[in-house]
Structure formats: C-alpha cells, structure tokens
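Listed below are the residues making up each chain.
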Amino acid sequence: MNNKNKGLGVRILVLVAGLLAVSAHAQLANNLAIDVKAMSMGHAVTADPPGVMSIHFNPAGLARLDGRRVDLQFVGADFSLESEFSAPPDYNVFGFSDDPVVCDDVPDDGVDFCRNFKTATSSVEGISLYIPFINDTVDLPPGPLIAGPLPAFSIRPAGSKFTFGTATYLPMAAGFYRDEDDVGNYMGERVALERITYLSPSVAYQVNDELSIGASIGMSYQAIALEQDFRAPNELLGFARVIDESICAPFAGESNIALDLILFGICNPEEGLGPFKNLASLEVSMDQRFSPSYNLGVLWEPNDRFAWGAVWRSEAKTHMKGDYKISYSNATQETVNGIGSSATGALALAVLGIPSRIGSEEVGAVSMDLTMPATFQTGIKIKPTERLQFNVDAVWADYKEWDAFNIVFDRSSAVLSLARLFSPGSTSTQLSYPLNFQSTWNLAFGAAYDLTGRIQLRAGYEPRASAIPEDRRSPMVPINEARYYSLGMGYKWDKDTDIDLGIGMLHSKDEIPADTSCAANCTGIDNVVYNPYAGLDIKTEARIMMVGLAFRTKF
C-alpha cells in the first residue's frame with residue numbers, strides 16, 4: 001500500500017471531529033463586542049445604528065453622519081467554559097467501566113470495573129489567538145483580553161448626499177486553551193476561530209429627509225486552528241480490549257508463525273487498544289486571507305419618535321487551506337504494526353483499507369470550503385417620551401447552510417472510497433460529514449434614557465436561539481439557548497465628541513444526558529465520529545463577559 005495512505009483512516013476521524021467542533025464554535029462568538037453602544041443596547045440597533053459602525057449594523061445609518069468622523073473602539077473580554085462529566089447507573093462500554101475520566105480508582109488496579117465513580121470537571125485556562133501571517137496560535141496569560149483601538153472612519157463632503165466610510169472590526173472571534181491534563185481536551189486543548197474584517201469600504205445615500213440606503217463590502221481574514229486529543233469509547237475497542245486481556249494473555253511473550261497465522265497477529269502488540277485509551281493527537285490550522293462579503297441596509301425615519309431599519313449581511317464563502325499533524329499513541333502504533341507483521345493480519349488490514357504499518361506522526365495538507373451564514377436583521381426605534389427610547393429587533397441567521405462539512409485531502413485513499421458507502425457526498429479524496437444545523441430567529445431588545453442633556457443610560461437583552469440540534473450538542477460548544485444582558489452609558493463630551501461605555505454578559509447552561517448527542521456521548525458500534533464521552537452524562541455552563549469604551553469625534 002502507498003505510504004501516503006498510512007493511517008489516513010484515523011486521520012479522517014480525528015480531523016472530522018476537530019473541525020466539526022471548532023467550526024460550530026462560531027455560533028458562540030458571532031456578532032459580539034463589535035460596537036460598544038450596540039453591545040449595551042442588546043444589539044437591537046438596526047433602526048438606530050451606532051456611528052461609523054453603522055457599516056456593520058446598518059450601512060444606511062452612515063447617511064446620518066456629516067463631515068469627517070472617526071470612531072475608536074476599545075473592548076475587553078473574559079469568559080469561562082465549564083463542563084461536568086458523570087457516569088449514569090450501569091455505565092459501561094462493552095462491560096468496562098474503569099474510564100479514567102469518571103473513575104476515582106487507582107489506575108491499573110487489576111480490575112475492569114470502577115468501584116468509586118467521581119464527577120469530573122473541565123474548565124479553560126485562558127484565551128488563545130491565531131496570529132495572521134506568522135501562522136501560529138498564541139496563549140495569552142489568564143485574565144481578560146483587551147483589544148483596541150479598532151478604528152472606523154467616515155466622510156461626507158459638504159453639500160453631498162453621499163457618505164463614505166470604512167472600519168476594522170471582528171465579526172467573529174473565539175479561542176481558548178486548557179491545562180494539558182484537563183479531561184475536556186478530547187473536545188479541544190487549544191482552539192482559535194476568528195474572522196477579522198480589515199477593510200470595509202462603504203457608502204450611504206440620503207434619498208430624502210426620511211429615507212436613506214447604504215452598502216458595504218467586507219474584506220476579511222478567516223482562520224481556524226485546533227489542537228486536540230482523540231479517543232473513542234466504542235464497542236469495537238471494548239472488544240479489542242477483551243481480546244488483549246483475555247484471549248492473548250495466555251500467549252504473552254510467545255511468537256511463532258502458526259500463532260500469528262491463526263490469530264491474525266492480534267496478540268503481537270505489547271500494548272493493545274481499549275475504549276478509554278488515547279488514540280492520537282491532532283494539530284491543524286487553516287486560513288484564507290481574502291474572504292469578501294457585503295451588507296445592504298435601509299433606514300426610514302419619518303420623525304424623531306419613530307424609525308425602522310433593516311440590514312442584509314451576505315454569506316461569506318471561504319476556501320481555507322492548511323496543514324495537519326497527527327501524533328499516534330503508542331497503543332495505536334503497536335496494534336497496527338503488530339497485526340501488520342503477520343501475513344494473515346496484513347491481508348486482513350489490506351482488505352479493510354488499513355495500512356500494515358504506521359509511524360509516530362503523519363503530516364499532510366487539507367482544505368475546506370466553509371460558508372459563513374447570511375443574516376437578516378430588522379427593527380424599530382420608538383420614543384414614547386422625549387427622554388425614553390425603546391428598540392426592538394428581529395434577527396435571522398442562516399445556519400441551515402451548515403448541513404454538512406466537506407473536507408478535502410491532498411491524496412486519494414481506499415479508506416475514503418470505503419467511506420462513500422456510509423457518508424453520502426464523500427469521494428475518494430473528500431469526506432462529507434453531516435451537521436443538520438438549523439436556521440434561527442430571535443428577538444433583541446434595547447432601551448435608552450436621557451438622564452441629562454449629556455448623559456444617556458442604556459440597557460439591553462437578547463435571548464439567543466440555538467442553531468445546534470438537540471442530538472448535536474457538545475461541551476466543545478456549550479452554547480445552545482443563551483441569554484445576553486447588557487448595561488451602558490453615553491456621554492456627550494462636546495458638540496462633536498461622544499464617549500460610550502458598555503458592559504455585557506452572555507450566559508448559557510445545558511445538560512446532555514447519556515446517549516442523547518452524537519457529537520459528544522452517543523453509544524454503539526457506529527459512534528466513532530465523534531463521541532469521546534460515550535455513555536456519560538454531561539453538564540455545561542458558559543459565561544462571556546465584555547466591557548468596552550468607544551470614542552467618537554469629528555476631525
């Protein structure tokens with residue numbers, strides 16, 4: 001068999017598991033902390049877009065700005081992602097229950113069942129960022145991330161109905177790292193996902209005193225990076241442990257041709273596989289440096305008491321390319337190489353499309369077409385009194401676009417050819433993995449009160465719907481239905497200068513009972529991709545805290 005195909009079966013499983021989790025992480029960070037005023041108003045600002053950052057929230061809002069203006073945003077963010085893992089009654093994988101994730105017994109105590117179960121916890125240590133151009137992931141010290149100044153500029157020539165602008169901002173940013181011994185590392189030891197809009201040429205046109213329209217083009221950088229351990233508490237690996245500990249034990253230390261032929265070399269490995277052993281570790285990074293998208297907006301303000309706005313943010317198609325490295329565990333190497341050393345074992349592996357020998361590492365190139373979903377947002381602004389204002393928005397996100405992830409490898413493989421039988425859309429060089437995400441609708445609410453002629457108090461609330469189906473929930477993405485709360489204040493420094501302050505929190509809790517999600521804890525013979533906590537009960541909780549300051553002035 002061609003050496004390029006060695007270990008590709010395991011590589012496929014690990015890559016799919018990692019990319020599934022890290023890409024789904026996008027929903028967690030989408031549309032957060034782009035603008036401080038919007039953050040404090042629960043993102044319900046389509047009918048009252050904030051300054052130059054109207055470019056993102058409703059580019060028609062640029063028409064309300066005159067002269068030359070600059071916005072500078074400073075944002076701080078901190079978060080916690082926590083998971084709990086516990087064993088339900090009668091927990092086992094093919095009769096084994098000594099899973100080190102939830103078993104508090106002394107390791108290798110000579111029994112294959114757990115006497116004392118525990119509840120294991122996982123948490124993140126800090127924030128990770130993928131740095132463009134140097135193509136590396138950096139772990140920041142524990143504590144909040146401070147970003148800024150993020151600039152935005154606009155200009156409206158005297159007497160013109162056109163306003164032009166551009167901004168630098170982060171439509172999506174998420175990343176974390178865990179301790180190397182954390183039980184959550186099977187769902188990501190180090191993760192970074194980001195979309196950076198570095199240039200966004202925009203234009204708005206004042207149709208008349210009541211109506212304006214606008215458009216912007218976003219030029220963005222997209223990146224995904226992941227480091228993750230891989231295991232598979234699967235019935236087949238449970239059966240492999242039975243063979244290793246029961247059938248092969250009497251032949252320990254023996255080796256002859258007859259034994260190899262009869263047992264297919266199964267007993268040759270010094271260390272066999274098992275359902276709770278680490279199989280491999282993955283490192284992967286992919287990026288695209290130019291990923292365009294566009295926003296279209298309309299704003300109608302018939303009077304000072306009422307306004308209506310709408311914005312369409314287009315999908316963004318990306319073709320990310322990168323590299324991966326798989327480091328195989330000793331048990332994986334010993335098992336494959338031991339079976340492959342037998343004539344009958346090598347023949348059986350060839351029939352299954354598995355190599356007869358693998359090394360400690362595999363490297364290669366991988367690419368992926370990922371479409372960032374389109375969104376539509378519309379809302380109203382109502383001022384029942386001179387001082388009080390209410391905003392209400394409806395938000396739609398087309399996560400249904402993520403019906404499947406298609407991963408393309410730099411080589412063909414018999415294993416991929418076999419995968420076509422079980423995964424519709426797969427070919428000899430492409431693996432298609434179904435997701436079945438759902439498009440979502442949710443409302444967002446904001447309120448503002450003019451305390452004085454200079455000070456405005458603000459508050460917001462956004463109940464976020466989940467795009468992830470019930471049977472695809474995961475501790476990697478511990479955000480299903482979430483609640484966003486915010487407070488803020490605006491201060492008018494002088495007739496040309498405004499300062500905004502804001503604080504927001506996104507909170508989500510979830511429970512994933514054993515065998516209810518095939519992206520975390522499904523059981524059975526076909527649960528290899530990807531259920532590292534098969535048969536366990538999982539609880540998750542996520543909090544994201546954000547603070548921000550914006551400085552807006554003429555120049």
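The shown structure was predicted, so the numbers you read here are calculated from the model rather than taken from an experiment. Going along each chain's sequence as written, the residues are numbered from 1 onward. Residues qualify for local features only when their pLDDT is at least 70, as the model is predicted, and side-chain atom pairs are given and counted only at 80 or more; totals for whole chains, interfaces and linings, by contrast, use all residues. Side-chain descriptors were evaluated using all non-hydrogen atoms of the structure, hydrogens and water having been removed beforehand.

K.L.:
Looking at this structure, I do not really get the overall build of the protein. What am I missing?
P.N.:
Going along the chain from the N terminus, every DSSP run of H or I of four or more residues is numbered as a helix, and every run of E of two or more is numbered as a strand. Looking only at helices and strands, the protein features nine helices and 23 strands. Of the contacts made within the protein by residues no fewer than 6 positions apart, 74% connect residues no fewer than 24 positions apart. Here a residue-residue contact requires only that any non-hydrogen atoms of the pair lie within 4.5 Å.

K.L.:
Got a minute to help me understand helix H7 (residues 330–340) in this structure?
P.N.:
Along H7, nine of the 11 residues are buried, which leaves the element largely enclosed by surrounding structure. Regarding H7, the residues found buried are Ala 331, Thr 332, Gln 333, Thr 335, Val 336, Asn 337, Gly 338, Ile 339 and Gly 340. Three labels apply to residues, based on accessible area from a 1.4 Å probe with only protein chains included: buried if under 20% of the type maximum, exposed if over 50%, partly exposed otherwise in between.

K.L.:
Would you take a moment to explain the environment of Met 545 for this structure?
P.N.:
Relative to the elements of secondary structure, Met 545 occurs in strand S23 (residues 537–554). For the pair Met 545 and Ser 80, spaced 465 residues apart in the sequence, the C-alpha separation amounts to 8.8 Å. Excluding anything up to four places from it in sequence, Met 545 contacts Gly 76, Ala 77, Asp 78, Ile 503, Gly 504 and Met 505.

K.L.:
Mind showing me how you'd approach helix H5 (residues 235–247) here?
P.N.:
Each full turn of the α-helix corresponds to 3.6 residues, which orients residues three or four apart in the same direction. With 13 residues, H5 should cover 18 Å at 1.5 Å per step; its first-to-last C-alpha distance of 17 Å lies within 8% of that length. Within the span of H5, buried status applies to Leu 237, Gly 238, Arg 241 and Ile 243. With a side-chain oxygen lying 2.7 Å from the backbone nitrogen of Leu 236, the N-terminal cap of H5 falls on Asn 234. Expected span of a helix: the number of residues minus one, times 1.5 Å. Whenever two N or O atoms come within 3.5 Å, that pair is a polar contact, provided that in protein one can donate a hydrogen and the other can accept it, and provided that, for residues adjacent in sequence, both atoms are side-chain atoms.

K.L.:
Is there a simple way to think about the state of the cysteines in this case?
P.N.:
Cysteine sulfur atoms are paired as a disulfide whenever they come within 2.5 Å of each other. In this structure the tally under the stated criterion is three disulfides. There is a disulfide in this structure between Cys 103 and Cys 114, and the S-S distance comes to 2.3 Å. Because the torsion about its S-S bond is 100 degrees, the bridge between Cys 103 and Cys 114 counts as right-handed. Note that Cys 103 is positioned in the loop between strand S1 (67–86) and strand S2 (120–123) and Cys 114 in the loop between S1 and S2, a separation of 11 residues in sequence. Considered together, Cys 103 and Cys 114 belong to a single accessibility category, that of buried residues.

K.L.:
How should I be thinking about the environment of Val 363 in this particular structure?
P.N.:
Looking at the secondary structure, you find Val 363 in strand S14 (residues 361–372). Of the residues examined, Val 363 reaches a relative accessible area of 52% and is grouped as exposed. Each C-alpha atom, one on Val 363 and one on Lys 325, is 4.4 Å from the other, the two residues being 38 residues apart in sequence.

K.L.:
Whenever I open this one, the environment of Ala 447 confuses me. Can you help?
P.N.:
The residue Ala 447 is located in strand S19 (residues 440–450) in this model. Given a relative accessible area of 22%, Ala 447 falls into the partly exposed group. Discounting chain neighbours no more than four positions away, the residues touching Ala 447 are Met 41, Gln 389, Phe 390, Leu 457, Arg 458 and Ala 459.

K.L.:
Explain a nonpolar patch on the surface to me, please; I cannot follow it from the model alone.
P.N.:
A grouping of Phe 74, Leu 501, Leu 549 and Phe 551 is seen on the molecular surface, where their side chains present a nonpolar patch of about 300 Å² in accessible area. In this structure, Phe 551 sits in strand S23. Classification of Phe 551 by relative accessible area gives partly exposed; the value is 31%. Without a salt bridge and with relative accessible area above 30%, a residue can belong to a patch; like charges are then joined within 9 Å and nonpolar side chains (Val, Leu, Ile, Met, Phe, Trp, Tyr) within 5 Å. Values of accessible area rely on a 1.4 Å probe in the Shrake-Rupley scheme; residue burial ignores everything except the protein chains shown. Basic side-chain nitrogens of Lys or Arg form a salt bridge, by our definition, when they fall within 4 Å of a carboxyl oxygen of Asp or Glu.

K.L.:
What's the story with the nonpolar core in this structure? I'm lost.
P.N.:
A general feature of soluble globular proteins is that nonpolar side chains tend to end up buried together. Within this scheme, the nonpolar core is defined by two criteria: the residues are buried Ala, Val, Leu, Ile, Met, Phe, Trp, Tyr or Cys, and they are joined through side-chain atoms within 4.5 Å. In this structure, Phe 85, Leu 370 and Trp 402 are the most contacted members of the largest nonpolar core, which totals 59 residues. Here this core takes five residues from strand S13 (residues 316–328), the largest share from any one element. Judged by nonpolar contacts, the second largest core, of 16 residues, contains Ile 34, Met 41, Val 52 and Ala 152.

K.L.:
Would you explain unusual backbone geometry in this entry?
P.N.:
Most peptide bonds take the trans form, and the phi angle of most residues other than glycine is negative. In this structure, Pro 149 follows Gly 148 across a cis peptide bond, with omega equal to 0 degrees. As for its position among the elements, Pro 149 is in strand S5 (residues 145–156). Residues other than glycine seldom take positive phi values, yet His 43 does so here, at roughly 65 degrees. Checked against the element boundaries, His 43 lands in the loop between helix H3 (36–40) and helix H4 (54–57). Given a relative accessible area of 3%, His 43 falls into the buried group. With a phi close to 65 degrees, Asp 515 is a non-glycine residue in the positive phi region. Topologically, Asp 515 is positioned in the loop between strand S22 (497–512) and S23.

K.L.:
Would you explain the pattern of salt bridges in this entry?
P.N.:
Pairs can form between side chains of opposite charge once their charged atoms are near each other. Evaluation of the coordinates by the stated rule reveals 25 salt bridges. Residues Glu 301 and Arg 64 are paired through a salt bridge, measuring 3.3 Å at the closest nitrogen-oxygen approach. In this pair, Glu 301 is assigned in strand S11 (residues 280–303) and Arg 64 in the loop between H4 and S1, connecting sequence segments 237 residues apart. Using a relative accessible area of 22% as the deciding quantity, one classes Glu 301 as partly exposed. In this structure Arg 64 comes out as partly exposed when scored by relative accessible area, which is 33%. Between Arg 69 and Asp 66 there is a salt bridge, and its shortest N-O distance comes to 3.3 Å. Residue classification places Arg 69 among the buried residues on the basis of a relative accessible area of 17%. One continuous salt-bridge network, built from bridges that share partners, spans Asp 35, Asp 71, Arg 458, Asp 500 and Arg 552.

This is a description of form; function is not addressed.
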